[in-house]
Amino acid sequence: MSDDPYKVLGVGRDATDAEIKRVYRKLARQYHPDRNPGDKAAEERFKSIQSSYDKIGTDEARRKYDESRRMDDFFRSSPRSSNSRFSGFDIPDIFSQMFGGQQNNRQARDRQEQRETYRGSDITSGIDMDFSDAELGCKLEFDHRRLRTCAKCDGTSFGSTRSCVGCDGRGVTSRTSTIIVKIPPNSKHGQKIRMRGLGHDHPLGKSGDLILTIRVDAKEGRRWEDGRIIQSVEIPYSTLMLGGKCSLRTPSGDSIRIDVKPGTQIGDRRRIPKMSFGDEDLDVEFVLEDNTKLTDAQIVALERLRDTGL
Ligand SMILES: [Zn+2]
C-alpha cells in the first residue's frame, strides 16, 4: 500500500482542503472497524486512511508534507554520489526553485478558493406543460439566455486591464442555450426543478443554477392560487338565489354535477374532494353567468322582481 496520503485518499494534489476532508470522512466511515468487524484488511486500510489524513488534513500539516515531499523528490532524483550530488546545481537555485514552486502552488490554491467564493447568479423561470405530461413525466426543450464564460479569453479579461474582442472585458457573453429538461412522473404545479450549473457563469467562479417552476396549464376557467386550482363555475342568478344544481368539467376531464345552496353569493367557494389534478381537492368558485342578451321573458321577469324590491 502506498504511503502517499494523496494516493491513499484518492485525491489529486490540487484538491481543495474541503475536498480532502469530504473524501476522508467517506472512506473513514466505509472502512471503520465497527462496520467491518474482524476484517483485518479493512482495519489496515482504516489506519492508513487515518494517518494520511493526519498528513494532509489541515492546511499547516499539508504545507509541511508538500514541502518535505518536494525536497525528497529533488534529492531522490539527484545523482547518488555524495560528491556529485549537487553537480550542475547551485544550492540557492534549488531553494528558489522549491519555494518558487510553492508560490505557484499557493497561487493555484488561491485561484481554487476564488472559484469557490464567486458564483454566477441563479436563473429562475417557469416551464409550462399540460396535466398528463406532469403526471406521466416527460422531456421538454427549454430555451434560455444565460451569461457564458467568454470563449476567447476564458473569462480572464474580467477585472483586468486586458481588452478582449469576445466580451469587451466583461469575461462573459450572453448566449442562448437550449436544454432538455426531464420532468419526473407525478410532478405537481409549483414544484421546482434545480439544474446545477445551468444558471449564469461567473468569469472567476462557479456557475449559478437554473431553477424551473413547473406550471401545469390551468385553462378553461381555472387558475392557480397558492398551489391549488380554483375553478370558476358560472351560475344563473336564479340558481344563486334559490339554490339548485350545476354541471362542471373537472381538470381531469370528468363531468360532474354539484349542489348550489340557496343564497349563494358571487365568489363563494366549495371544496370538492379529489376532483383536481392528481386526486387533489378542487376549489370551485361560483360566478354569475354572463347574460348580456336577455330574452323578452327574462326582462319581464326581472322588471317584476324589481317591483318587489329585489
Ligand atoms: Zn473575453
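Reading guide: rules and limits
- Residues numbered from 1 in each chain as written.
- Predicted model: local features only at pLDDT ≥ 70, side-chain atom pairs only at ≥ 80, totals over all residues.
- Heavy atoms only, no water.
- Helix = DSSP H or I, 4+ residues; strand = E, 2+ residues; numbered from the N terminus.
- Expected span 1.5 Å × (residues − 1).
- Buried < 20%, exposed > 50% of the residue type's maximum accessible area, 1.4 Å probe, protein only.
- Arc of directions from axis to C-beta.
- Core = buried A, V, L, I, M, F, W, Y, C linked by side-chain atoms within 4.5 Å.
- Domains from an automatic or database assignment.
- pLDDT = per-residue confidence, 0-100.
- Contact = heavy atoms within 4.5 Å.
- Donors = N, O, S within 2.8 Å, 3.2 Å for Na, K, Ca; no water.
- Tetrahedral: all angles 85-135°; square planar, octahedral: opposite > 155°, others 65-115°.
- Pairing = 2+ DSSP bridges.
- Axes fitted to C-alpha atoms, helices over the stretch in contact; angles between N-to-C directions.

To continue, consider helix α2 (residues 17-31). Its 15 residues place the ends of α2 21 Å apart at the C-alpha level, agreeing with the 21 Å of an ideal helix rising 1.5 Å per residue. Those residues of α2 not exposed but buried are Ile20, Tyr24, Leu27, Ala28 and Tyr31. The buried residues of α2 occupy one face: seen down the axis, they fall within an arc of 100°. Residues Arg22, Lys26 and Arg29 are exposed on α2 and point more than 90 degrees away from its buried face.

As a further point, take the nonpolar core. Judged by nonpolar contacts, the single largest core of 31 residues is most densely connected at Ile127, Val181, Ile183, Ile258, Val284 and Phe286. Both domains that furnish three or more residues to this core are identified here as domain 2 (123-216) and domain 3 (222-308). Counting residues in hydrophobic clusters, the runner-up holds 16 residues, among them Ala15, Tyr31, Ala42 and Tyr65.

What follows deals with unusual backbone geometry. The phi angle at Asn186 is positive, at roughly 60°, despite the residue not being glycine. For Asn186, the position within the fold is in the loop between β3 (172-183) and β4 (192-195). One non-glycine residue, Lys274, adopts positive backbone phi at about 55°. Relative to the elements of secondary structure, Lys274 occurs in the loop between β10 (269-272) and β11 (282-288).

The predicted structure's coordinates, where accompanied by low pLDDT, should not be read in detail. Put simply, the chain has an average pLDDT of 81, and 84% of its residues get 70 or more. Note on residues 74-103: pLDDT under 50 across the span, and 17 contacts to partners over four residues away in sequence or across chains.

Distances from the zinc ion to its protein donors, Cys150 (SG), Cys153 (SG), Cys164 (SG) and Cys167 (SG), fall at 2.3 to 2.4 Å. Considering all four donor atoms around the zinc ion, angles at the metal cover 107 to 112° and the coordination shape is tetrahedral. Along the chain, the residues donating to the zinc ion are arranged with the sequence spacing C-x2-C-x10-C-x2-C. Here Cys153 is found in the loop between β2 (138-149) and β3, whereas its partner Cys167 is found in the loop between β2 and β3, with 14 residues between them in sequence. The same class applies to Cys153 as to Cys167, namely buried.

The strand order β6-β7-β11-β10 describes an open sheet built from four strands, whose pairing is mixed. With partners counted over all chains shown, the strands left at the sheet margins are β6 (222-225) and β10, one partner each. Between one strand axis and the next, the sheet turns through 35° on average, direction left out of account.

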